[in-house]
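Overview (structure and organization)
One letter stands for each residue in the lines below.
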Amino acid sequence: MAGFSRRAGLGALIGLVATRAQANDHGPIRAEAGWSRAAGAGRVGAGYLTLRNTGAADRLVAARAAIAGTVELHTHIHENGVMRMRPVEAIDLPAGGTVTLQPGGLHLMLIDLKQPLRQGETVPVTLVFEKAGEVQAQLAVQSAGARGPGGAMPGGPMPGGPMPGGPMPGGAHRH
Ligand SMILES: [Cu+2]
């Protein structure tokens, strides 16, 4: 009898772990259409994606990636006609809402790249939400001058239109 209950307990534990893993995959928040731009090791890279929330209001509070020493949450602000980046504490995701991280706006900043971001590769990123916990995202690396995730963009140019002052040079992500 003792052996039986031990096995039953183990089964329950495995069941619990499986449920938790499943809850992560099918949680209220999905990260879609993630992309990045090619960048060299030691440099910084940017991460763009769309966050879809089918649950309660939440906040993206952190992110990490094996490829980068640090991942920061950034936004762009216009200051005297110049576009600058600024770190933000969190990115709000309204209940049932969608937030798009895109060039010229909110983005992930992959700082201190341990390996180059190579065009054609896909880089995994872990997003940490205040309530939903961790959500996995994939960034498909585009060319260094890409404006969008390539074939995944319906209707052509980015909704925000081209960046004032033309394409963002690699140096635009200097701090
Ligand atoms: Cu940035």
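Provided above is the structure to which this section pertains.
A quick note: this is a predicted structure, and the numbers were derived from the prediction, not measured.

Scoring rules and cut-offs
- Residues numbered from 1 in each chain as written.
- Predicted model: local features only at pLDDT ≥ 70, side-chain atom pairs only at ≥ 80, totals over all residues.
- Heavy atoms only, no water.
- Donors = N, O, S within 2.8 Å, 3.2 Å for Na, K, Ca; no water.
- Tetrahedral: all angles 85-135°; square planar, octahedral: opposite > 155°, others 65-115°.
- Helix = DSSP H or I, 4+ residues; strand = E, 2+ residues; numbered from the N terminus.
- Buried < 20%, exposed > 50% of the residue type's maximum accessible area, 1.4 Å probe, protein only.
- Phe/Tyr/Trp six-rings, centres within 6.5 Å; stacked < 30°, edge-to-face > 60°.

All of the protein donors around the copper ion are His-74 (ND1), Met-85 (SD), His-107 (NE2) and Met-109 (SD); their distances to the metal are 2.1 to 2.3 Å. Geometry at the copper ion is tetrahedral, judged from its four donor atoms and the angles of 90 to 129 degrees they form at the metal. Considered as a linear motif, the donors of the copper ion on their single chain read H-x10-M-x21-H-x1-M. Pair noted here: Met-85 is in strand β5 (residues 82-87) and His-107 is in strand β8 (residues 107-113), with a separation of 22 residues, a long-range link. We note that Met-85, like His-107, is buried.

For the structure on display, the rule yields one aromatic pair. When the ring of Trp-35 is compared with that of Tyr-48, the centres are 4.6 Å apart and the planes differ by 35 degrees; the resulting orientation is tilted. Placement of the pair is Trp-35 in strand β1 (residues 29-37) and Tyr-48 in strand β2 (residues 45-53), with a sequence separation of 13 residues. Of the two residues, Trp-35 and Tyr-48, neither departs from the other in class, the shared state being buried.

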